[in-house]
Amino acid sequence: MTFFHVSIFYITNKYCTKKNSNKELPNEIQSIFVKHLMAIESSFRNYFPSSDSGSNWIKDPFNMAVTNAKHLSILEQDILVELLCDTSLKLQFNKTELTIFWLLLRSDYPALANKALQHLIPFCATYLCEQAFSVLLYMKSKYRNKLNVEADLRIKISNIEPDIAILVSRKQLHLSH
């Protein structure tokens, strides 16, 4: 196993300095570190794949050759040629944000638009799960420790704004005796 540089990890470096003078981790601990770092690298590459020149048609469809769109089928390449010939879309592309542009094309060019949006928005489901988990952690703090948080959590992570005036009007007022 190659020498594992612990100096970049502050706490591990402190541990190694206390335990031995040569600042080297035992082989079994090194292998644990290496496996963990490789898992992190794999996860990182899964979330953020390397830039692919075959997907340049998504970023700038009007300034590329159709033959460079490697991940498209023949039918999708034909649809891309049709898209490239539309000058009004070129003007719209120059005026709008990239994601908005592809969202606008979903009705006219659904196959290309969906493929582009999958590339541009790779992990929206993961984001929503992480957002819900963060809200749950906030709600289950020592200050608000309720056993049943489903209703509160649903309201907190929903995109729908409640109409407070209607909700209040449906409740009966408690009159004084």
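Given the structure is predicted, the values throughout are model-derived calculations rather than measurements.

## Considering a nonpolar patch on the surface
Together, I100, L103 and L104 make up an exposed nonpolar region whose accessible area comes to about 240 Å². As for its placement among the helices and strands, I100 is situated in helix α6 (residues 98-104). The class for I100 is partly exposed, based on a relative accessible area of 38%.

## Focus on the pattern of salt bridges
The final tally for this structure, using the stated rule, is one salt bridge. Two residues, K115 and E76, come together in a salt bridge whose shortest N-O distance is 3.0 Å. Of this pair, K115 sits in helix α7 (residues 110-120) while E76 sits in helix α4 (residues 74-84), placing them 39 residues apart in sequence. Residue E76 is classed as buried on the basis of its relative accessible area of 14%.

## Some details on the packing of aromatic side chains
Enumeration over the complete set of coordinates arrives at five aromatic pairs. The interplanar angle of 70 degrees and the centroid separation of 6.3 Å between the aromatic rings of F62 and F101 together place this pair among those described as edge-to-face. Taken together, the positions of F62 in the loop between α3 (56-59) and α4 and F101 in helix α6 put the pair 39 residues apart, joining distant regions of the chain. Pair check on accessibility: F62 and F101 agree, each one buried. Here the aromatic cluster, defined as three or more aromatic residues joined through ring pairs, consists of W57, F62, F93, F101 and W102.

What counts and how
- Residues numbered from 1 in each chain as written.
- Predicted model: local features only at pLDDT ≥ 70, side-chain atom pairs only at ≥ 80, totals over all residues.
- Heavy atoms only, no water.
- Patch = residues over 30% accessible without salt bridge, like charges linked within 9 Å, V, L, I, M, F, W, Y side chains within 5 Å.
- Areas by Shrake-Rupley, 256 points an atom, 1.4 Å probe, with all protein chains shown as cover.
- Salt bridge = Lys/Arg side-chain N within 4 Å of Asp/Glu carboxyl O.
- Helix = DSSP H or I, 4+ residues; strand = E, 2+ residues; numbered from the N terminus.
- Buried < 20%, exposed > 50% of the residue type's maximum accessible area, 1.4 Å probe, protein only.
- Phe/Tyr/Trp six-rings, centres within 6.5 Å; stacked < 30°, edge-to-face > 60°.

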